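Understanding the architecture of this molecule
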Amino acid sequence: MLGQMMKMPLLISSILRHAARHHGHVEVVSRRVEGDIHRYTWADCAVRAGQLASALESIGIEQGDRIGTLAWNGYRHLETYYGVSGMGAITHTINPRLHPDQIAWMIGHAENVAVVFDLTFLPIVRSIATRCPSVKTWIALCDRTLLPNEAGISTGIPNLIAFEDLIQSGSDQWNWPQFDEQRASGLCYTSGTTGDPKGVLYSHRSTILHAYASCLPDAFGFSARDCILPVVPMFHVNAWGIPYAAALVGAKLVFPGPNLDGRSLYELFESEQVTFSGGVPTIWFGLLNHLESHQLRFTSLKRTVIGGSACPPSMIRAFRERYGVEVLHAWGMTELSPLGSVCALQNKHLSEPLEAQQRRLEKQGHAFFGVDLRVVNDAGEDLPWDGSSQGHLQARGPWVIESYFKSAGGNPLTFDAQGEGWFPTGDVATIDSDGYLQITDRSKDVIKSGGEWISSVDLENLAVAHPGVAMAAVIGIPHPKWDERPLLVVVPKPGIALERVELLQFFDGKVPRWWVPDDVQFVESIPLGATGKMLKNRLREQFKDLQLADT
Ligand code: AMP
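Residues numbered from 1 in each chain as written. Predicted model: local features only at pLDDT ≥ 70, side-chain atom pairs only at ≥ 80, totals over all residues. Heavy atoms only, no water.

Describing the packing of helix α3 (residues 75-86) against helix α9 (residues 242-249)
Between α3 and α9, whose axes approach to 11 Å, the crossing angle comes to 80°. The pairing of α3 with α9 is recorded here as roughly perpendicular in orientation. Across from L78, Y81 and Y82 in α3, the residues of α9 making contact are P243, Y244 and A247. The residue inventory of the contact of α3 with α9, partitioned by class, reads six nonpolar, no polar and no charged. (Axes fitted to C-alpha atoms, helices over the stretch in contact; angles between N-to-C directions. Helix = DSSP H or I, 4+ residues; strand = E, 2+ residues; numbered from the N terminus. Parallel < 35°, antiparallel > 145°, perpendicular 65-115°, else oblique. Contact = heavy atoms within 4.5 Å. Nonpolar A, V, L, I, M, F, W, Y, C, P; charged D, E, K, R; others polar.)

With respect to the environment of V47
Structurally, V47 is set in helix α2 (residues 42-58). Judged by relative accessible area, which is 41%, V47 ranks as partly exposed. Through-space distance from the C-alpha of V47 to that of W174 is 8.3 Å; in sequence the pair is 127 residues apart. (Buried < 20%, exposed > 50% of the residue type's maximum accessible area, 1.4 Å probe, protein only.)

A word on the site of the ligand
In the neighbourhood of the ligand, 15 residues make up the surrounding shell, with A330, T334, D427, R442 and K533 lying closest. Between T334 and the ligand, the recorded distance is 2.6 Å, taken from a side-chain N or O atom to an oxygen atom. Between the ligand and Q364 there is a distance of 2.9 Å, counted from a nitrogen atom to a side-chain nitrogen or oxygen. Notes on the ligand: free accessible area 500 Å², of which the protein chains cover 90%. In terms of residue count, strand β14 (residues 326-332) provides more of the shell around the ligand than any other element does, four residues in total. Class assignment of the residues belonging to the shell around the ligand gives a composition of four nonpolar, eight polar and three charged. (Near = heavy atom within 4 Å. Polar contact = N/O pair within 3.5 Å; in protein donor to acceptor, adjacent residues only side chain to side chain. Areas by Shrake-Rupley, 256 points an atom, 1.4 Å probe, with all protein chains shown as cover.)

Quick look at the structure:
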């Protein structure tokens, strides 16, 4: 027997309609590329997103078409998110920090028919426009007066129009179409370090379920009382879904635009009375330094989610102990929309000493309904949840990828012996008896020495705790006896002369003896990818001929 409830598809347009109807007066504030502050409400946003959808339809954009975006966090990007996906087309967010060749490749692979871009990225667009034959319209996120053609600057960009002109041409009586919730809504390519990037195609259903779950109290815990500033870019996994979740609960949203330095962020946190923020650890280093050097405090910030790479324990401590801000350490990936786990304490942990709580908060957290996690050995067998058995981390759930965009035959990724689909995350992790996940490495970065795994992440965390170390990476170097041994690659802090022996002694007593790296290489910088992650494959290439002593 079927249930007898309404069949309303979970569509992205329905979140915006809710925000406009029930929280219509709540503000969306943006620091613009133009340099000023723009403010309007969710009700205004809904009208303009509808105008955009109507205008896109009138220039020939059809359902299923992919529209690229090269843009900072701002209200016009938000309107693009809702207008494009809401009309049934697909929002393809592109990371502007990638090399222009890679951006052109992605636009071609996704067959984008239009691309919207902030004027900051005009040089990129100019350099790739003639190499992107699928793009029929380039849309600059500005009004006509700032459009390069109008300003007398020759662009060489065919069919360039101003976003504001497009919006003005749209109807303000637009009705959002209804369709199957499984339809694609967004596309984001993973920042793979090898091979071509791979596209992850989100659906309306996966996006809405992810947004619902991210609001749960043990996830981000959003409410209509929050003022949320996503520092995490909207070009990186939909800013962790925050633009959807904020509308879903009717929270105020604040967009920082292009200025992500500590001072600019702090000013915005204070002037808009931000209660929640989120971003990768690098961003918070800048903010904490600014606070420290100017003896400042937060007057409204309560919680911040930190993820994308491991959050250094010292950062959790600083936020908690010095500024009274709760840190939610989160783990996720593009293929998981991105949320996989968030670290919040359970009732039984509240009576533990502060140090024990701190150590728990350093883990990557606990799954919440919608994501199932497990760790398996090389044979694919489940490993115990004992906090020490390291294995390959796998995930499944309604917002976990099944197959990559345009993958051969759309093949599902992997199925285990029981025919159950589990996505192999490529991370190595432990899960403890309370269900808390700890990422110990990437599968391709873990060092296998004498058949045992050494966590490069643990060694890097220790190395950066040394007062003379600015940055550190640990990679495996082939070894005749042990297969691989760890090599420590270090960027010293400016003006500090580091000694190899002293640095290696720093590990004594802190890790098993056989984990201590065999050697140290001092470098000026460590190569970083477009999302700020260390490109260890480049280091492995650089040091592949290094001979380690036969220990
Ligand atoms: P991306 O898809 O570019 O967001 O990268 C996802 C990868 O980032 C994951 O598979 C992890 O290797 C890493 N990652 C994300 N969050 C964390 C975290 N909190 N701690 C450690 N690694 C993380």
